Amino acid sequence: MVTENFLNLPQTTTAEAAVEPARDATPESVIDVRELQAYYGENRALKDISLSLYSRRVSAIIGPSGCGKSTLVRCLNRMHEMSSGGHVKGEVLYQGENIYGAGVDPVELRSRIGMVFQKPNPFPKSIFENVAFGLKVNGISGNTSERVERSLRRAALWDEVKDRLKQSALQLSGGQQQRLCIARALAVEPEVILMDEPCSALDPMATLAVEELIRELSQEVTIIIVTHNMQQAARVSHHTAFLMMDQDKAGYLVEYGPTSEVFTNPKSEHTEAYITGRFS
Amino acid sequence: MANLIAEYSRNRRLRQRMREAPILAFLFMCALASIGTTVGIVIVLLEGALQFFREVPVFEFLTGTEWTPLFSNKQFGVLPLLSATVVISFAALAIAVPVGLLTAVYLSEYAPEGVRSIVKPVLEVLAGIPTVVLGYFAISFINPTIIKPLFSTETPFTALGAAMAMGVMLIPMVASLSEDAMRAVPASLREGAYAVGSDRFQVSVKVVVPAALSGIVAAALLALARAVGETMIVTIAAGSIANFSANPLEPMQTMTAYIAQVVFGDTERGGVEYQSVFAVGLLLFIFTLSINMLAQAVLARFREIYD
C-alpha cells in the first residue's frame, strides 16, 4: 500500500537532521505561542495552541484542510486581524514580547516577520520595484539596488532576472513569481518568514526550487511553513506541528516535535493516521 | 435505424428553429432599435450640419472666436462655445476627480463594512439628483454665497458656479466607478503589501490605486463625457453669453447650453441660426464619442489584467 511509501520518505530528513546538531544543539525559541485562541467573529478557529518555534529552523505546520494551519501562521504576524471578524485571545511572544500587547505596532511587526502566500502575489510593477517595495514603505534608504540584488540572489532568482529588472513581474513564471515574493519578503531583512502553502500553486520543478531555497534560507532566518503536502514537510522541516479540527470545528495542536520523530514515531494515533494517508 | 434517428433529430432541430425564429427576430429588433436610433441621429445631425456648412465655411466655424448667431451681425465661430465646454468640464472634473477618488479610497480601504453599507447607497442617491435642481442650487447658493463673497463677482452667472454644481453631480459617479475598480484589486495584493510592513495609507496609495489606475482613468473619462454633454446646469447657471475666455468667473455658454437656447427659443426653423444647432451638435457628438471610446479602450485594458 501507499503507507510503506509514506513511511519511507522521512529517511531523507533523518539524513539531513544528522547534519543539524553541528550548528547548535539546543535551538533557541524565537516565537512562543501560548494558549492561543483565534476567532472569526463568533467562530473559534483555533483553540489552546501552545508551541515554541525555533530560531533558524524550518517548522512545518501540517494537518487536514480547515484545521486552521493558515490561521495559525496569520496570527504570528497579526495578519489574522485583517480578515473580517478576525481576533485572538492568548499570547504570541516574539523574542519574549507579546505581539498582541498594548503598544505593539502591527505594521512594524510585519516588517520583522515577513510572509509569503499561497498564490504568488507580485505587484503589477517591475521586478525591481517589487523587491524594493518593502524598502520604500519602511523608509529604508541607502543603496536600494544593492539590496535588491542581494535579496534576489538570496531568493536564487538573480541570474534569471538580472537582465530584465525593469520588466513587469507578471511576465515571470509562477515559480519565479513565488521566488520574487520571497525576495520581496527578504529585502526588509525579516528575522522570521511565514510561508502559507508557498508551493501549492507551483509545478513540481518550481516546488523543488522553492524547497531548496527554504533549506538554504534556514541558515539565516526562521521559517514557518504551512503545507498540506506531507512529503514536503518531511523534506524541508526540522520540526513539525500537526493540527486537527476538533468536534467543535476549532483546530487544535495534536502533536509537535522534531520532524523525524513526528513522521517515524508519532505519539498520537491521529498523527499516524494522517501521515500514513488514512485520512486527509 | 440510423436513418430514422437522423431524420428524427433533423425534424427536431427544424421544429426548434421554427419556434425560436420569432424570438430571435424580436431580440434582433430590440438590438436594432438602439443602433437604428444612433444611426438616425447621426444622419439628422449630418444633414443639418451640411446645410449649415453651405452657408458658413467649416474653417470659419472651427476657428472663429465670435459666436453671435442671434444678433443682427451673425458670426459663427464655435470657439467660444467649445472653450466654455472645455473650461466648465475640466473645472468640474478638477473638483469631482480628487473628491471622488478620495471617497473611493475611503470606502474601499478604510470604511468599516457598516459605514460603507450606508455611505455607498447615499452616494448613489446623490447621483440621482435631477440636474435642474443642481442648476438652481448653483444660482441660488453657490454663486451668491460662495463665489460672490470670495471673488467679489458682479454677475449671478459664472462658469465656476456651474462647474462646481457639475462637480457635485459627478462625484458619485467617479467615486462609485473608482471604488469598483479598487475593490476589483485582488486582496492578495493588499496582503502582500501589508506583509512587508506597509500601513493602510501606503497600501492604498502605492498598491491599490496604481493597480486600479486604468479603472480610475476610465471613470474620469466617463465623467468627462457626462460633463461635456450636461445641459441643464450650464443652461441655468453659466449664463447665456458666448464668451471666448478662460476665466471661470465670467459667464459662458457651452455647446449644450446653446443648443438648448435655440431649441427652446423662438428661432425660426430653417434659418442658418437654427441649422447652426446641428453643426454644434455634430461637434459635441464627435467630442463625447471620442471620450467614450477612449474610456472604453482604457477599460478594456483594465479587464485584461484581472480576468
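Per chain, residues are indexed from 1 in the order of the written sequence. As a convention, the first chain written is A and the first ligand written is 1, with the rest following in written order. Under the rules for a predicted model, residues below a pLDDT of 70 receive no local features and side-chain atom pairs below 80 are neither given nor counted, while totals for whole chains, interfaces and linings still include all residues.

## Describing the overall build of chain B
Secondary structure assignment for chain B yields 12 helices and zero strands. Secondary structure elements in chain B, listed N-terminal to C-terminal, are α-α-α-α-α-α-α-α-α-α-α-α. Computation of the radius of gyration draws on C-alpha atoms, with the globule rule given as 2.2 Å multiplied by the number of residues to the power 0.38. In terms of overall dimensions, chain B is more spread out than a globule: its C-alpha atoms have a radius of gyration of 25 Å, far above the 19 Å expected for 307 residues. With respect to the principal axes defined by its C-alpha atoms, chain B has extents near 90 × 60 × 30 Å. Each helix is a run of DSSP H or I of at least 4 residues and each strand a run of E of at least 2, with the numbering of both proceeding from the N terminus.

## As for the overall build of chain A
Counting its regular elements, chain A contains 12 helices and 10 strands. Rg of the C-alpha trace for chain A: 19 Å, near the compact-globule value of 19 Å for 280 residues, within the 12% margin. For the C-alpha atoms alone, the extent of chain A along its principal axes is close to 50 × 45 × 35 Å. Labels follow a simple rule on C-beta atoms placed from the backbone: if 20 or more others lie within 10 Å of a residue's own, it is buried; if 12 or fewer, it is exposed; otherwise it is partly exposed. When burial is assessed residue by residue, chain A has 47% of its 280 residues classed as buried.

## Topic: the packing of helix H5 (residues 127–137) of chain A against helix H8 (residues 174–187) of chain A
Residues and elements named next belong to chain A. Contact pair H5 / H8: the axes reach a minimum separation of 7 Å and the direction vectors enclose 30 degrees. Classified by the angle their axes make, H5 and H8 are roughly parallel. Judged by the sense of rotation from one axis to the other, the crossing of H5 with H8 is right-handed. Side by side, H5 and H8 meet where Ile127, Asn130, Val131, Ala132, Phe133, Gly134 and Leu135 of the first sit next to Leu180, Ala183, Arg184 and Ala187 of the second. Axis definition: a line fitted to C-alpha atoms, limited for helices to the stretch in contact. Angles are taken between N-to-C directions and run from 0 to 180 degrees. For classification purposes, angles smaller than 35 degrees are called roughly parallel, those larger than 145 roughly antiparallel, those between 65 and 115 roughly perpendicular, and all remaining angles oblique. Left-handed describes a crossing whose near helix is turned anticlockwise from the far helix through less than a right angle; right-handed describes the clockwise counterpart. A residue pair is marked as a contact if its C-beta atoms, positioned from the backbone, fall within 7 Å.

## Examining the packing of helix H4 (residues 113–126) of chain B against helix H6 (residues 159–183) of chain B
All names here are of chain B. Put simply, H4 and H6 touch, their axes get as near as 8 Å, and they point 140 degrees apart. Considering the angle they form, H4 stands oblique to H6. In this structure, the crossing between H4 and H6 has a hand that is left-handed. For the pair H4 and H6, contact is made by Leu123, Glu124 and Leu126 and by Pro172, Ala175 and Ser176, respectively. As a working rule, the residues Ala, Val, Leu, Ile, Met, Phe, Trp, Tyr, Cys and Pro are called nonpolar, Asp, Glu, Lys and Arg charged, and the rest polar, with Gly in that last group. Its residues assigned to classes, the contact of H4 with H6 comprises four nonpolar, one polar and one charged.

## Section: the pairing of strand S9 (residues 239–245) of chain A
Residue and element names in this part refer to chain A. Burial of S9 is extensive: six of the seven residues sit out of reach of the surface. Across four bridges, strand S3 (residues 58–62) lies against S9 in parallel orientation. Directly across from isoleucine 62, in S9, lies its bridge partner phenylalanine 242. Being paired, for any two strands, means DSSP has found at least two bridges between them. Taken together, the seven bridges between S9 and strand S10 (residues 251–258) define a ladder with antiparallel strand orientation. Paired with histidine 239 across the two strands is proline 258, which belongs to S10. Once S9 ends, the chain turns through five residues before running back antiparallel as S10, passing lysine 249 with a positive phi of about 70 degrees.

## Observations regarding the interface of chain A and chain B
With 22 residues of chain A at the contact, the number on the chain B side is 15 residues. Within the residue set of the side of chain A that touches chain B, elements represented by two or more residues are helix H4 (106–112), strand S6 (113–116), H5 and H8 of chain A. Among the elements that take part in the side of chain A that touches chain B, H4 of chain A stands out by supplying four residues, more than any other. A per-class count over the side of chain A that touches chain B returns 12 nonpolar, six polar and four charged.

## Quick notes on the pairing of S6 of chain A
On any regular strand, side chains alternate: one points to one face of the sheet, the next to the other face. All names here are of chain A. Burial along S6 is two-sided: the face carrying Ile113 and Met115 and the face carrying Gly114 and Val116 are both buried. By the bridge criterion, four bridges tie S6 to strand S7 (residues 192–196) in an arrangement that is parallel. Bridged to methionine 115 within S7 is leucine 194.

## With respect to the environment of valine 148 of chain A
All names here are of chain A. Its location among the elements puts valine 148 in helix H6 (residues 144–154). Separated by 10 residues in the primary sequence, valine 148 and tryptophan 158 place their C-alpha atoms 9.3 Å from one another. When neighbours within four sequence positions are excluded, valine 148 is seen to be in contact with Phe128, Val131, Ala132 and Ala187.

## Some points on the domain arrangement of chain B
Interfaces are frequently sized by the accessible area removed from exposure as the parts join. Residues and elements named next belong to chain B. In terms of domain boundaries, chain B breaks down into domain 1 (2–55) and domain 2 (79–306). Domain segmentation is taken from an automatic or database assignment of domains. A C-alpha centroid distance of 36 Å is found between domain 1 and domain 2. Contact residues are listed per partner, giving eight residues for domain 1 and eight residues for domain 2. Residue composition of the side of domain 1 that touches domain 2, grouped by class: five nonpolar, two polar and one charged.

## Remarks on the nonpolar core
Residue and element names in this part refer to chain B. Among buried residues, those of type Ala, Val, Leu, Ile, Met, Phe, Trp, Tyr and Cys that are joined through C-beta atoms within 7 Å form a set called a nonpolar core. Counting 168 residues, the largest nonpolar core has Ile88, Ala138, Ala162, Ala165, Val174, Ala223 and Ile233 as the members making the most contacts within it. Broken down by element, the residue count for this core peaks at 17 residues, all from H6. The two domains that each donate at least three residues to this core are domain 1 (2–55) and domain 2 (79–306). The contact partners of alanine 165, leaving out residues within four places of it in the chain, are Leu134, Gly135, Phe137, Ala138, Ile142, Ile233 and Ala237.

## Regarding the confidence of the model for chain B
Residue and element names in this part refer to chain B. Looking at chain B as a whole, its pLDDT mean stands at 90, while 97% of the residues score no less than 70. pLDDT is defined as a per-residue confidence score from the predictor, taking values between 0 and 100. Across chain B, helix H3 (residues 79–110) holds the top mean pLDDT of 95, while helix H12 (residues 272–306) sits lowest at 84. For this predicted complex, the interface confidence score (ipTM) comes to 0.86, while the overall pTM stands at 0.81.

## A word on helix H5 (residues 131–151) of chain B
Every α-helix winds through 3.6 residues per turn, so residues three or four apart in the chain are directed the same way. Residues and elements named next belong to chain B. The end-to-end C-alpha separation of H5 is 25 Å, well short of the 30 Å expected for 21 residues at 1.5 Å each. The sharpest bend along H5 reaches about 50 degrees and sits at isoleucine 142, with the proline proline 144 one to four residues further on. Taken together, the buried positions of H5 are occupied by Leu134, Gly135, Phe137, Ala138, Ile139, Ile142, Asn143 and Ile147. Buried residues along H5 sit in contact with H6 and helix H10 (232–237). Phi for serine 152, located one or two positions after H5, is positive at around 40 degrees. Expected helix span is taken as 1.5 Å per residue step, with the number of steps being one fewer than the number of residues. Two axes define the bend at a residue: one fitted to the seven residues ending there, one fitted to the seven starting there, and the bend is the angle between them.

## A closer look at unusual backbone geometry
Residue and element names in this part refer to chain A. Even without glycine at this site, arginine 78 takes up a positive phi of about 60 degrees. Along the chain, the position of arginine 78 falls in the loop between helix H3 (69–76) and strand S4 (86–94). Residues other than glycine seldom take positive phi values, yet alanine 156 does so here, at roughly 55 degrees. Following the sequence through the fold, alanine 156 ends up in the loop between H6 and helix H7 (158–161). On the neighbour-count criterion, alanine 156 (17 C-beta atoms within 10 Å) is partly exposed.

## Concerning the environment of phenylalanine 76 of chain B
All names here are of chain B. For phenylalanine 76, the location among the structural elements is in the loop between helix H2 (58–63) and H3. Spatially, the C-alpha atoms of phenylalanine 76 and glutamate 273 are 8.8 Å apart, while their sequence positions differ by 197 residues. Beyond its immediate chain neighbours, meaning those up to four positions away, phenylalanine 76 contacts Val56, Glu60, Phe61, Gly64, Trp67, Pro69 and Ser276.

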